[in-house]
Amino acid sequence: MRTIWWQDQTVHLIDQTKLPHQEIIVECRDYPDVANAIATMQIRGAPAIGVTAAYGVALGAWRAPADSVPDLLAQLQPVYETLRATRPTAVNLFWGIDKMRRYADAVAAGTDDADEVRRLLLAEAERLADEDVATNRRMGEYGAALIEDGMNVLTHCNTGALAVVDYGTALGVIRAAWEQGKHIHVWVDETRPFLQGARLTAWELMKLGIPMTLISDNMAGHFMRRGQVDAVFVGADRIAANGDVANKIGTYSVAVLAHENGIPFYSVIPVSTLDLSLASGEQIPIEERDPREVTHIQGVPIAPEGVHVANPAFDVTPNRYVTAIVTNRGVVYPPFEEGLRRVVAESEGNV
Ligand code: MRU
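Residues numbered from 1 in each chain as written. Predicted model: local features only at pLDDT ≥ 70, side-chain atom pairs only at ≥ 80, totals over all residues. Heavy atoms only, no water.

1. Overview of the domain arrangement of the protein
Stage number 1. Split by domain assignment, the protein resolves into domain 1 (4-137) and domain 2 (142-347).
Stage number 2. Domain 1 and domain 2 are separated by 25 Å when their C-alpha centres are compared.
Stage number 3. In this assembly, 31 residues from domain 1 lie in contact with 32 residues from domain 2.
Stage number 4. Note on domain 1 versus domain 2: buried area summed over both sides is about 2,700 Å², and carbon and sulfur give 57% of it. (Domains from an automatic or database assignment. Contact = heavy atoms within 4.5 Å. Buried area = accessible area lost by both parts, 1.4 Å probe.)

Spelled out as structure tokens, the structure:
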């Protein structure tokens, strides 16, 4: 299953707001459609957002009326700005846009054919999409070594094929362990308020045939205390230089509970989720979303009208609760900063 693809000069996405009951494809014909799909979470999950934004830049170039390369570069500026304004927390969004912008500037220096720049930008977006799948498979291999036969693992939010281009990060690790023949069982947090666990992770695991049990978020501690959880695997939307992990709201509670119960807690990320410009998680911007996500479920009100609501979409787990960070360049253990700098340097070809 591929979450994002280019077809007939249009970006296609699986609409994740409609899953699991309806499988609907969204067709984005210009970059504002891509921006809208990211902002409304028709597409979500940090790596998926990054690749979708890259396709958004390619689509913006495709639709721009420019005849000359300088005009095309000028017309790409609002494309970058619009896409950057969609969601603030997942650093992969900015990674994808910045990669495309640098690439556009570099290829523009070598040609005076605007259509060639368009073709190359699309090829670059396709390359980033393919690279994402390969990256996930590598993380799967590294992470699966941490899962033993017979383990019960707990996961929060959705980190499967839907959250990337294909395969998954934390769910990719679980999937890789399963594909290696390990008998595992997955506790799936429902992940209020957007229900990525109940709607998306449960759907993906059931399709894959991996044994799982759906629980509401407040049940995790109960099963941990009873010795029924052996490890926790989550993704991340941004990890700071010191290893603090910003991930879906509720992750912090899971990490503290895991620590209290002596259960290892792993975050699984591609290197593009690292933001070494931030010293700690305190500096990571946390998205605040529409109160209706809390007061309504699938359009049905569950709280008194007019109630005051907070809806932070992410929280930060301090590095002391993180056992290890699984990346596509290997597993990094505390103290994190040196190891995280090494994997970034390796992926930039600097070592
Ligand atoms: O708000 P979302 O659904 O985009 O948040 C997604 C998460 O928090 C995931 O855990 C994270 O992006 C890692 S996905 C591979």
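2. A look at the site of the ligand
Stage number 1. Around the ligand, a shell composed of 18 residues is seen, among which Arg44, Gln196, Asp237, Asn247 and Lys248 lie nearest.
Stage number 2. One of the side-chain nitrogen or oxygen atoms of Gln196 is found 2.8 Å away from an oxygen atom of the ligand.
Stage number 3. Within the side chain of Lys248, a nitrogen or oxygen atom sits 2.7 Å from an oxygen atom of the ligand.
Stage number 4. Contact with the protein chains hides 99% of the accessible area of the ligand, taken as 420 Å² for the molecule alone.
Stage number 5. For the shell around the ligand, the secondary structure elements donating two or more residues are helix H2 (46-63) and strand E9 (245-248).
Stage number 6. Of the residues in the shell around the ligand, the class split is 7 nonpolar, 7 polar and 4 charged.
Stage number 7. Built from parts of two domains, the shell around the ligand gets at least three residues from each of domain 1 (4-137) and domain 2 (142-347). (Near = heavy atom within 4 Å. Polar contact = N/O pair within 3.5 Å; in protein donor to acceptor, adjacent residues only side chain to side chain. Areas by Shrake-Rupley, 256 points an atom, 1.4 Å probe, with all protein chains shown as cover. Helix = DSSP H or I, 4+ residues; strand = E, 2+ residues; numbered from the N terminus. Nonpolar A, V, L, I, M, F, W, Y, C, P; charged D, E, K, R; others polar.)

3. Examining the nonpolar core
Stage number 1. Among the nonpolar cores identified, the biggest contains 48 residues, and Ile4, Val11, Leu13, Cys28, Tyr55, Leu76 and Met100 are the most heavily contacted of them.
Stage number 2. Broken down by secondary-structure element, the contributors of at least two residues to this core are strand E1 (4-7), strand E2 (10-14), strand E3 (25-28), helix H1 (31-39), H2, helix H3 (69-84), helix H4 (91-108) and helix H5 (114-144).
Stage number 3. Counting residues per element, this core draws most heavily on H2, which supplies 11 residues.
Stage number 4. Not counting chain neighbours up to four residues away, the residues in contact with Tyr55 comprise Ile4, Trp6, Val11, Leu122, Ala125, Glu126 and Ala129.
Stage number 5. Core analysis: the second largest hydrophobic core is formed by 30 residues, Trp187, Ile263, Phe265 and Ile325 among them. (Core = buried A, V, L, I, M, F, W, Y, C linked by side-chain atoms within 4.5 Å. Buried < 20%, exposed > 50% of the residue type's maximum accessible area, 1.4 Å probe, protein only.)

4. Topic: the sheet that holds strand E14 (residues 314-317)
The pairing of strands in a sheet comes from backbone hydrogen bonds and takes either a parallel or an antiparallel form.
Stage number 1. A sheet is described by the order of its strands in space; here 4 strands give the open sequence E11-E8-E9-E14, paired in mixed fashion. Because the sheet does not close on itself, it has two edges, and the strands there are strand E11 (274-275) and E14.
Stage number 2. As paired elements, strand E8 (residues 238-240) and E9 share 2 bridges and run antiparallel to each other. Across the sheet, Ile239 pairs through a bridge with Val245, a residue of E9.
Stage number 3. Each of E9 and E14 touches helix H9 (residues 251-260); the most contacted strand, E14, lies at about 30° to it. (Pairing = 2+ DSSP bridges. Axes fitted to C-alpha atoms, helices over the stretch in contact; angles between N-to-C directions.)

5. What to know about unusual backbone geometry
Stage number 1. Of note, the amide linkage connecting Leu19 to Pro20 takes the cis form, showing an omega dihedral of 5°.
Stage number 2. By the secondary structure assignment, Pro20 is in the loop between E2 and E3.
Stage number 3. In this structure, the amide linkage connecting Pro334 to the following residue, Pro335, adopts the cis form with an omega of -10°.
Stage number 4. With respect to the secondary-structure elements, Pro335 resides in the loop between strand E16 (330-332) and helix H11 (336-347).
Stage number 5. Located in the positive-phi region is Gln9, a residue other than glycine, with phi close to 55°.
Stage number 6. Structurally, the position occupied by Gln9 is in the loop between E1 and E2.
Stage number 7. For Gln9, a relative accessible area of 40% puts it in the partly exposed group.

6. With respect to the pairing of E3
Stage number 1. Of the two faces of E3, the one holding Val26 and Cys28 is buried and the one holding Ile25 and Glu27 is not buried anywhere.
Stage number 2. Where E2 and E3 come together, 4 bridges link them in antiparallel fashion. Within E3, the residue paired with Leu13 across the bridge is Val26.

7. Comments concerning the pattern of salt bridges
Stage number 1. Overall, the coordinates contain 15 salt bridges when judged by the stated rule.
Stage number 2. Across the salt bridge formed by Glu287 and Arg289, the nearest N and O atoms sit 2.7 Å from each other. We note that Glu287, like Arg289, is buried.
Stage number 3. Among the salt bridges present, the one from Arg289 reaches Glu293, with a minimum N-O distance of 2.8 Å.
Stage number 4. Exposure remark for Arg289: the relative accessible area of 13% places this residue in the buried category.
Stage number 5. Sharing partners across several salt bridges, the network here consists of Arg87, Glu287, Arg289 and Glu293. (Salt bridge = Lys/Arg side-chain N within 4 Å of Asp/Glu carboxyl O.)

8. A closer look at the packing of aromatic side chains
Stage number 1. On inspection of all chains with the given rule, the structure shows 4 aromatic pairs.
Stage number 2. Look at Trp187 and Phe223: their rings are 4.2 Å apart centre to centre, the planes differ by 20°, and that puts the pair in the stacked class. With Trp187 in strand E5 (residues 185-189) and Phe223 in helix H8 (residues 220-225), this pair connects stretches of sequence that are 36 residues apart. In terms of burial, Trp187 and Phe223 fall into one category: buried. (Phe/Tyr/Trp six-rings, centres within 6.5 Å; stacked < 30°, edge-to-face > 60°.)

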